[in-house]
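# Secondary and tertiary structure notes
Chain by chain, the residues run as shown.
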2 protein chains.
Amino acid sequence: MDAPPTFEPSYAAEVSAIDAAVEAALQEGTNPRLLEAMRHYPLAKGKRLRPFTAMTVARAIGGEGVAPRTRPYAVALELVHNFTLVHDDIMDQDLVRKGLPAVHAKWDEATAINAGDALHARAFELIADLQVAEPSLRLLVRETAAMVRQIGEGQQFDVEFERRRDVSEAEYLHMIEYKTALMYKMAARGGCIIAGGSTAQVEALTAWGNTLGVGFQIRDDVLNLTADPRTFQKEIGADIRGAKQTIIAIAARERMDPSQGSSFAAAFGNSAATPAQVRAAIDVLHQCGAIEYAQAKARQCVADAHSLLVAVPPGVHKDHLSHLVRLFVERTH
Amino acid sequence: MDAPPTFEPSYAAEVSAIDAAVEAALQEGTNPRLLEAMRHYPLAKGKRLRPFTAMTVARAIGGEGVAPRTRPYAVALELVHNFTLVHDDIMDQDLVRKGLPAVHAKWDEATAINAGDALHARAFELIADLQVAEPSLRLLVRETAAMVRQIGEGQQFDVEFERRRDVSEAEYLHMIEYKTALMYKMAARGGCIIAGGSTAQVEALTAWGNTLGVGFQIRDDVLNLTADPRTFQKEIGADIRGAKQTIIAIAARERMDPSQGSSFAAAFGNSAATPAQVRAAIDVLHQCGAIEYAQAKARQCVADAHSLLVAVPPGVHKDHLSHLVRLFVERTH
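Conventions adopted
Residues numbered from 1 in each chain as written. Chains lettered and ligands numbered in written order. Predicted model: local features only at pLDDT ≥ 70, side-chain atom pairs only at ≥ 80, totals over all residues. Helix = DSSP H or I, 4+ residues; strand = E, 2+ residues; numbered from the N terminus. Buried ≥ 20, exposed ≤ 12 C-beta atoms within 10 Å, placed from the backbone. Contact = placed C-beta atoms within 7 Å. Least-squares fit on C-alpha atoms with pLDDT ≥ 70 in both. Expected span 1.5 Å × (residues − 1). Arc of directions from axis to C-beta. Axes fitted to C-alpha atoms, helices over the stretch in contact; angles between N-to-C directions. Parallel < 35°, antiparallel > 145°, perpendicular 65-115°, else oblique. Left-handed = near helix turned anticlockwise from the far one by under 90°. Nonpolar A, V, L, I, M, F, W, Y, C, P; charged D, E, K, R; others polar.

## Section: the environment of His40 of chain B
Residues and elements named next belong to chain B. Within the secondary structure, His40 sits in helix 2 (residues 32-43). Given 22 C-beta atoms within a 10 Å radius, His40 is considered buried. Taking the C-alpha atoms as reference points, His40 and Asn82, separated by 42 residues in sequence, lie 9.4 Å from one another. For His40, the residues in contact, after removing those within four places along its chain, are Leu100, Val103 and Lys106.

## Looking at the relation of the copies chain B and chain A
When chain B is fitted to chain A, the best match, at an RMSD of 0.0 Å, comes from turning it 180 degrees and sliding it 0.0 Å along the axis. With respect to symmetry, the two chain copies, as superposed, fit the operation of a two-fold axis. The rotation axis passes nearest to the C-alpha of Glu134 of chain B in chain B, at a distance of 2.8 Å. The overlap is high: 100% of the interface residues of chain B also sit at the interface in chain A, so the same surface is used on both sides.

## Some thoughts on helix 13 (residues 275-287) of chain B
Residues and elements named next belong to chain B. Over its 13 residues, helix 13 runs 18 Å from end to end, which matches the ideal 18 Å to within 8%, given 1.5 Å per residue. Where helix 13 is concerned, the buried positions are Val278, Ala281, Ile282, Val284 and Leu285. Buried residues of helix 13 fall within an arc of 155 degrees about the axis and therefore sit on the same side. The inward-facing, buried residues of helix 13 contact helix 9 (199-226), helix 10 (238-241), helix 11 (247-255), helix 12 (258-265) and helix 14 (290-308). Following helix 13 by one or two positions, Gly289 adopts a phi angle in the positive range, close to 90 degrees.

## So, the interface of chain B and chain A
Taken together, the contacts link 39 residues of chain B with 39 residues of chain A. Secondary structure elements with two or more residues in the side of chain B that touches chain A: helix 2, helix 4 (67-91), helix 6 (109-128) and helix 7 (134-161) of chain B. For the side of chain B that touches chain A, the element with the most residues is helix 7 of chain B, which contributes 16 residues.

## Quick notes on helix 15 (residues 316-329) of chain A
Look at helix 15 of chain A: 20 Å from first C-alpha to last across 14 residues, which is about the 20 Å you get at 1.5 Å a residue. Among all positions in helix 15 of chain A, only His317, Lys318, Asp319, His320, Leu321, Leu324, Val325, Phe328 and Val329 of chain A are buried.

## Examining the packing of helix 1 (residues 7-25) of chain A against helix 3 (residues 49-62) of chain A
Residue and element names in this part refer to chain A. In contact at an axis separation of 10 Å, helix 1 and helix 3 are set at 115 degrees when each is read in the N-to-C sense. On the basis of the axis angle, helix 1 is roughly perpendicular to helix 3. Classified by chirality, the crossing of helix 3 by helix 1 is right-handed. Only Pro51, Phe52 and Met55 of helix 3 make contact with helix 1, whose side of the interface consists of Tyr11, Glu14, Val15 and Ile18. Here the residues of the contact of helix 1 with helix 3 are counted per class, giving six nonpolar, no polar and one charged.

What follows is the structure, given as structure tokens:
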């Protein structure tokens, strides 16, 4: 998966620009403690994948000239992303994020709820000042707000699915479209709109962003079971012990024969499952074809995403969009 | 405090319209549990004082014709108000609201955080569709978002002040302007802008809304110590036992002589203070002039608010705005 030679320098430069713009966006406030809590996650260096996606789409459609007016929207999405992290960490009682104490752990839960709310609001202050004409402004306010509400629905489904064993593939796909893919969808859609893309381009890139996000999550489910433990950031098989309703677990329900089923059941949802039991369950998921089924879905996302890019004129930034697809859906860790 | 004869019918009719519009605004969503949690507070009948303020200002400036296009903004403010209640009840661990179980008590904390976030977002969906020209749309998105962020700052100060005994009057006024008055300020400002008020009218009604909110809070502090316990909804003297840094407690610090100080200190911040100790502390606050000082401040708010209304043309809705001032700042319970 070689990157185009221009990719890394372009990515590094944009991440620096986003870092600076995020920092500049979080200066205001009369309560020092709240401001510090608001800045905790956004100023910790991150991959900035959502804003980078928005910026790369904008450049691919409108050239370098549209970058300055697109960046505030990219930053708004990064603030929304960080606000959801602050609140998710309270909901999940996660104490560490990016190697730092979680906001609710470093301050307290009240401050973390407040800081998330304030980051959420700050994103709409940035959107209010976008240099776009009225119809685009309305659309970006309306759809970004709907996105936040729907991410909440996705998060709610994710929590509810933990207590269920009968989640369907359609329910799973709805959940990951809302919880994970919507931010990439709006990054691509917003970037294209601000860059002045045609209706056809906006529709194609909206679908592209969604496909990118869905492919990312399916690839994540696959890697959770198959990645090299030396390079993968999470524990291999954690989804098995946690009885996570992934596309693989859902596909396996229909594919396992009874002997496979009992071997799988020994580890699935068993937080005390031994490494050997988890490996045996993963073997079952290979043998019954569930992992291959998910990999085929991910490959389909890659193919769909590449064909949606026909709406984008050739050039270095289109190449970067193609590379993003590979980076998201063909990654090995 | 007799209301103008048109006030009660006008208020009742508008509350019905707001109730219906709030219900209509909370229909969408793919997650039934989240939608139910979002609807819990907003659909419980409330006083709708913020949306009524926005609607009355709009009618006073632009006549009945502007009501339909103002109402979505009034509803957006009501959703913001309710989102802050959902989150505040988590922060304060309050289990009951409007006689109902709090959202986090009826569902769980994760659902309540999510429901508040979704109500917050829903408000901006409504604002995106306001029938106003671009400059007003931008202003309303930007300033409503800033309001939410600043309400969070006010809430943060309120929590921090609980651990302090040296809050200044300026700090107190900043806190109540952010935590309480801003919503009324934006209700009046937004209503005036949507109704097409002149710059002078917008500025006057912005100041009027702020004064209304500040006066309301100061009156609340006074009533907490002086109201008739048979009609006041809260416990008389709770601010004393809770060591609340109200304008009265702050004024008293400079006014009490040493013998008064020790009598006051026996009850202030003493959650086990006897009713007699609390009454003695309230007597001190009367004797040293702190309660009268706060009442004079509240009277000044009434005078300021009435003189700001010179910007509004005479008529029944102006009379209703005058009555709102009396209702907020001269109420006895």
